[in-house]
Structures are given as C-alpha cells and as structure tokens.
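Examination of the molecular architecture
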Amino acid sequence: MTLSGKAKLAGVMGWPISHSRSPLLHGYWLTEYGIDGAYLPFSVAPENIESALRALPKLGIAGTHLTVPHKEAALQICDRVDDVAQRIGAVNTVVVESDGTLLGSNTDAFGFLENLKSESDWKSDDGLAVILGAGGAARAVVAALLDDGVQDILIVNRTRERAEHLASEFAGVCAAIPWDRKDDALEEAALLVNTTTLGMTGQADLEISLKRLPTSAIVNDIVYVPLQTPLLQHAATRGNTTVDGLGMLLHQARPGFAAWFDKQPQVSAGLRDFILADLKS
Ligand code: ATR
C-alpha cells in the first residue's frame, strides 16, 4: 500500500479489535477502487473512547466505525446522532463533518435491509415478520422493518421482559411472545430472522421446529460463522429461501466508506469470497 500526503484516513475502534474483519473489507475496496487512503484498526480501551473520538478531527481522520464495547457510549459523545442510531440506541459509524464536529449514525438497519432485498424477493407487504432475540441486533432489524413499512412484527426472546420492552416501543406493530411459543408463532410468518447468538460456532444450538412455517417464508440468520447455520440448512431443505448473515456485515460498511473515501462501494461476489476465505482460516 502506497499513500500520498493527501491520503484519506478512517478506521474502526474496538476493545479488543484484533478480531475485526473491517480493515480487510475496507482494504479490499480501497485496492479495488485504487483510492489513496487507509483504514486502520484502533485498539481503544473504554476509558479512552471519548478522547480517541475527539482526536479524529485533530488528526485529520475522516471518521471511524465502532464495535464492542463503544457503540452505546458514542451516543453521548457525538455532537449529533441521527434518528436511526437514536432509535437503535447505538452508534456504529462516526463521520467527522467539515466543521470538525462528530456525526454518529447506525448502519446496521441499512445493512440488514440491503442484504435481505439483494438476496431474496422479500417485500415489506409480504406479511408477518418473526424476530428471534431482543438485543442490539434485534433493535436494528426491527428499526429496518418498521422503516420499510412492515405492519406486523412478533418478537420472541428467552428473557421475556426484554422482548416486551422492545415491542412496547413500537406498540401497534410489534408484539412479544414467550420463547417457548416460538414454534407456533411461525404459522403465518412471511419472514423469520434469527438475531440471537444461537447457532453460532461455539454457542448453543437454536432449537426450533419449522413445521408450521410456510415454505414461502424467507429465513434470514444474521449469524455468519458458520455461513450456513443449522437454521438455514434446515430451512433450505424444506424449500424456504434463505439469506445468510455475511451480506449484512458487508452492506452495513458501505455508508461509512462512501462518506470517508468519496466512493459508493459495491458488495460483489469477489468481496464475499475474500471475506469468507478469511472467516474460514
Ligand atoms: P446483540 O447486541 O448482538 O444482539 P445481545 O444484546 O447480547 O447481543 O443479545 C443476544 C440475544 O441472543 C438476546 O436476545 C439473547 O436472549 P436474552 O435476552 O434472553 O439474553 C439471545 N440469546 C443468547 N443466548 C441464548 C440462549 N442460550 N437461549 C436463548 N436466547 C439466547
């Protein structure tokens, strides 16, 4: 990588940061588009996140992605936070504006929807969406579905209060149901999304019966290690269209790259293969 004195700079802040695939992903795009720029992993301890973010304009850095554990803290630090990030309760993208102020946004909802739409023919008026989980990822998925006009969402979570809390924020469209009733909830679903960690390599299995799920329903797992989770494998064998979680990771990165490097990047098969190869290594 050769940089000039005019190179544009961005990165990702996390603690730890060594596991992040973001530098690889953005490095791929920088090379693909021949951009004079760099995207760096910043290892930032929680107590340093405010001073690290405040240093961005002083260093001439265009912005940064945020990962665990900084996404919630950044809500209070950024000078402005967009509406989606407010609703999700987390910032994953910070852009330094021309006056040096920090604009926080959340691109997970965008990434989820772009992936779902590019990998399936799902439409917001297809009907009921069933969401497994009620954590940060579920909030992003619910925000995305609501913004796209979905009228009927069921949230199913092991800890019932969390599901009820999330559903109550969007009463009228969202309802919560107990974890042990999830099999029944699938009866009229047009979309099933797993936002829990179940099914991820090293985590417990997601135990769910798809018997009642219409074969026309789309099944989306946001877990991407493994890429074909047991849920997706099972859904595919019974004829459901499946959408894996890697695309959400790739699509959510696009707005930051576009803001910092002045180029709208594409999610290509080549990029998917490149990141997949790294996930398998
Ligand atoms: P994230 O912000 O990535 O969504 P999170 O807030 O830790 O992460 O949420 C993880 C989700 O996986 C939660 O919905 C969690 O359920 P609880 O709210 O009951 O904790 C769900 N989850 C994790 N392990 C689980 C398990 N063994 N059984 C059922 N749900 C589980």
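Up top you'll find the structure we're talking about.
About the cut-offs
- Residues numbered from 1 in each chain as written.
- Predicted model: local features only at pLDDT ≥ 70, side-chain atom pairs only at ≥ 80, totals over all residues.
- Heavy atoms only, no water.
- Axes fitted to C-alpha atoms, helices over the stretch in contact; angles between N-to-C directions.
- Helix = DSSP H or I, 4+ residues; strand = E, 2+ residues; numbered from the N terminus.
- Parallel < 35°, antiparallel > 145°, perpendicular 65-115°, else oblique.
- Left-handed = near helix turned anticlockwise from the far one by under 90°.
- Contact = heavy atoms within 4.5 Å.
- Nonpolar A, V, L, I, M, F, W, Y, C, P; charged D, E, K, R; others polar.
- 1 Å grid on protein atoms, 1.4 Å probe; cavity = no way out; pocket = protein on both sides within 12 Å on 5 of 7 lines; lining within 4 Å.
- Points joined across faces, edges and corners; volume = space filled by probe spheres on them.
- Near = heavy atom within 4 Å.
- Polar contact = N/O pair within 3.5 Å; in protein donor to acceptor, adjacent residues only side chain to side chain.
- Areas by Shrake-Rupley, 256 points an atom, 1.4 Å probe, with all protein chains shown as cover.
- Sits in = over half its atoms within 2 Å of the grid points.
- Pairing = 2+ DSSP bridges.

Observations concerning the packing of helix 1 (residues 22-32) against helix 11 (residues 254-261)
Orientation of helix 1 relative to helix 11, taken along the N-to-C sense of each, is 50 degrees, at an axis distance of 11 Å. Overall, the two elements helix 1 and helix 11 adopt an arrangement that is oblique. Seen along the crossing, helix 1 lies across helix 11 with a hand that is right-handed. On the side of helix 1, the interface is formed by His-26, Trp-29 and Leu-30, while helix 11 contributes Arg-254, Phe-257 and Phe-261. Residues of the contact of helix 1 with helix 11, tallied by class, amount to 4 nonpolar, 1 polar and 1 charged.

Describing the layout of surface pockets
Put simply, the largest pocket is a space of about 1,200 Å³. Forming the boundary of the largest pocket are 34 residues, of which Thr-67, Val-68, Lys-71, Tyr-224 and Leu-249 lie nearest the centre. Sorting the residues of the lining of the largest pocket by element identifies strand 3 (63-66), helix 6 (136-147) and helix 10 (246-252) as the ones contributing at least two each. Broken down by class, the residue content of the lining of the largest pocket amounts to 15 nonpolar, 15 polar and 4 charged. Taken as a whole, the second largest pocket holds about 280 Å³ of empty space. Along the wall of the second largest pocket there are 14 residues; nearest its centre are Asn-157, Arg-158, Thr-196, Thr-197 and Leu-198. Of the residues in the lining of the second largest pocket, the class split is 4 nonpolar, 8 polar and 2 charged.

Considerations on the site of the ligand
Lining the immediate environment of the ligand, one finds 13 residues, of which Ala-137, Asn-157, Arg-158, Thr-159 and Arg-162 sit closest. Between the ligand and Ala-137 there is a distance of 3.0 Å, counted from an oxygen atom to a backbone nitrogen or oxygen. Taking Arg-158, its side chain carries an N or O atom lying 2.8 Å from an oxygen atom of the ligand. Relative to its free-state accessible area of 640 Å², the ligand is covered by the protein chains to the extent of 68%. Cavity membership is defined here by more than half of the atoms lying within 2 Å of grid points; on that basis the ligand lies in the second largest pocket. Taken together, the residues that form the shell around the ligand break down as 4 nonpolar, 7 polar and 2 charged.

Digging into the sheet that holds strand 4 (residues 80-81)
An order of 2-1-3-5-6-4 is seen for the 6 strands of this open sheet, with the pairing classed as mixed. Edge positions in the open sheet fall to strand 2 (37-43) and strand 4, since each of these has one partner strand only. Sheet topology places strand 4 next to strand 6 (residues 102-105); 2 bridges connect them, and they run parallel. In the sheet register, Arg-80 faces strand 6, and the bridge partner there is Leu-103. Each of strand 1 (8-14), strand 2 and strand 3 touches helix 1; the most contacted strand, strand 2, lies at about 175 degrees to it. Sitting on the sheet, helix 2 (residues 49-59) touches strand 1, strand 3, strand 5 (93-96) and strand 6, and the angle it makes with strand 3 is about 150 degrees.

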